[in-house]
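Listed below are the residues making up each chain.
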Amino acid sequence: MSRASNEPNSPIDASQALDPGLYIVATPIGNLRDITLRAIDTLRAADEILAEDTRVARRLMDAHNIRAKVTPYHDHNGAKRRPEILQKLSDGAVIAQISDAGTPMVSDPGWKLAREALDAGHRVIPVPGASAMLAGLVASGLASDRFMFCGFLPPKSGARKRALSDLSNVPGTLVFYESGPRLVDCLKDAAETLGGDREAAISRELTKLFEETRRGTLRELASH
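(A) Representation of the packing of helix H6 (residues 157-167) against helix H7 (residues 183-194) in the model. Contact pair H6 / H7: the axes reach a minimum separation of 9 Å and the direction vectors enclose 45 degrees. On the basis of their axis angle, the class for H6 and H7 is oblique. In this structure, H6 meets H7 at a crossing whose hand is right-handed. Facing H6, whose interface residues are Ser157, Arg160, Lys161, Leu164 and Ser165, H7 presents Asp185, Cys186, Asp189, Ala190, Glu192, Thr193 and Leu194.

Written as structure tokens, this is what we have:
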């Protein structure tokens, strides 16, 4: 198989075959137009697309006229499916992996497949694009020259405070994911542990119709 040219100024030619390997493809976090031309080319050329939820994936595929085979790959079937996927890679397949939104392997279990693929000698190729973590960071107005992505905090207050305490001396902006129902309690614990006057920002519905970023101190955000 021949690899499509990756020179910066090379023309787009989706007809060229991709090299075998596992392609980690970023997809939109809301707005379906936030997908790169390379991501569309890769998904169209893939022998198989692995998706967390095939129904979510199909909406994206239909929006961009992508007809590749889509199969489920997630927490519950990952261990069972990985040997089969690794065999397909050994046979020369082009496998694309996507998450429900954003960049796979950022706060999701996709890294296990990538790790096993690399251990087996296969190529793992990132196809970068949308990321909720980075979108929220740049919208926050907080320092972005040094930051740490911390994923989801524990759901129980005691464990959450201990986790926040462990992060209190990190010299940079801390980035978390959190669900709506737990947000108030999380902000209160953060204010108590990290300091109520610490500057913070909360983003929701990024790239969607009701996108909002609210900025203030942890105390102010918890009160709001």
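(B) Quick peek at the packing of aromatic side chains. What the rule picks out here adds up to two aromatic pairs. Ring centres of Phe149 and Tyr177 lie 5.0 Å apart, and the angle between their planes is 70 degrees; this geometry places the pair in the edge-to-face category. Separated by 28 residues along the polypeptide, Phe149 in strand S6 (residues 147-152) and Tyr177 in strand S7 (residues 173-177) bring together distant segments of the chain. You can call Phe149 partly exposed: its relative accessible area is 25%. Each ring, one from Phe152 and one from Tyr177, has its centre 5.7 Å from the other, and the planes form 65 degrees; the classification is edge-to-face. Placement of Phe152 in strand S6 and of Tyr177 in strand S7 is noted, with a sequence separation of 25 residues between them. Taken together, the ring pairs in this structure connect Phe149, Phe152 and Tyr177 into an aromatic cluster.

(C) Highlighting unusual backbone geometry. Even without being a glycine, Asn65 presents a positive backbone phi close to 55 degrees. Among the secondary structure elements, Asn65 is positioned in the loop between helix H2 (54-63) and strand S3 (70-72). Despite not being glycine, Thr207 shows a phi value in the positive range, around 70 degrees. Within the element layout of this structure, Thr207 appears in the loop between strand S8 (199-204) and strand S9 (212-217).

(D) Seen up close, the pattern of salt bridges. Tallied over the full model, the rule gives 16 salt bridges. Close ionic contact of Lys161 with Glu192 constitutes a salt bridge, the shortest N to O distance being 3.2 Å. Remark: Glu192 occurs in helix H7 and Lys161 occurs in helix H6; sequence separation between them is 31 residues. The network of salt bridges with shared partners includes Glu48, Arg81, Glu84 and Lys88.

(E) Spotlight on the packing of helix H3 (residues 78-90) against helix H4 (residues 111-119). The interhelical angle for the contact between H3 and H4, taken along N-to-C directions, is 45 degrees, at an axis separation of 10 Å. When the axis of H3 is compared with that of H4, the two are oblique. Where H3 crosses over H4, the two elements pack in a sense that is right-handed. In this structure, H3 contributes Arg82, Ile85, Leu86 and Leu89 to the contact, and H4 contributes Lys112, Leu113, Glu116 and Ala117.

(F) Examining the nonpolar core more closely. Core analysis: the biggest nonpolar cluster contains 21 residues, and Tyr23, Val25, Leu43, Ile49, Met61 and Ile98 have the highest contact counts within it. The set of elements that each furnish at least two residues to this core consists of strand S1 (21-25), helix H1 (37-45), strand S2 (48-51), H2, strand S4 (94-97) and strand S5 (124-127). With sequence-adjacent residues up to four places away left out, Val25 is seen in contact with Ala39, Thr42, Leu43, Ala96, Gln97, Ile98, Gly102, Pro104 and Val127. Ranked by size, the runner-up nonpolar core spans 14 residues in total, among them Leu153, Leu167, Leu187 and Ala200.

(G) Local environment of H1. Buried residues of H1: Ala39, Ile40, Thr42 and Leu43, and no others. In an axial view of H1, the angular spread of the buried residues amounts to 165 degrees, which keeps them on one side of the axis. Looking at the buried residues of H1, the elements they touch are S1, S2, H2, S4 and S5.

(H) Structural view of the sheet that holds S2. With parallel pairing, five strands are arranged side by side in an open sheet as S3-S2-S4-S1-S5. A strand with exactly one partner marks an edge of an open sheet, and here the two such strands are S3 and S5. Direction aside, the axes of adjacent strands within the sheet are offset by 25 degrees on average. Of the strands in this sheet, S1, S2, S4 and S5 touch H1, which is tilted by about 135 degrees from S5. In the packing of H3 onto the sheet, contacts are made with S1, S2, S3 and S4, and the angle to S2 comes to roughly 155 degrees.

Rules used throughout
Residues numbered from 1 in each chain as written. Predicted model: local features only at pLDDT ≥ 70, side-chain atom pairs only at ≥ 80, totals over all residues. Heavy atoms only, no water. Axes fitted to C-alpha atoms, helices over the stretch in contact; angles between N-to-C directions. Helix = DSSP H or I, 4+ residues; strand = E, 2+ residues; numbered from the N terminus. Parallel < 35°, antiparallel > 145°, perpendicular 65-115°, else oblique. Left-handed = near helix turned anticlockwise from the far one by under 90°. Contact = heavy atoms within 4.5 Å. Phe/Tyr/Trp six-rings, centres within 6.5 Å; stacked < 30°, edge-to-face > 60°. Buried < 20%, exposed > 50% of the residue type's maximum accessible area, 1.4 Å probe, protein only. Salt bridge = Lys/Arg side-chain N within 4 Å of Asp/Glu carboxyl O. Core = buried A, V, L, I, M, F, W, Y, C linked by side-chain atoms within 4.5 Å. Arc of directions from axis to C-beta. Pairing = 2+ DSSP bridges.

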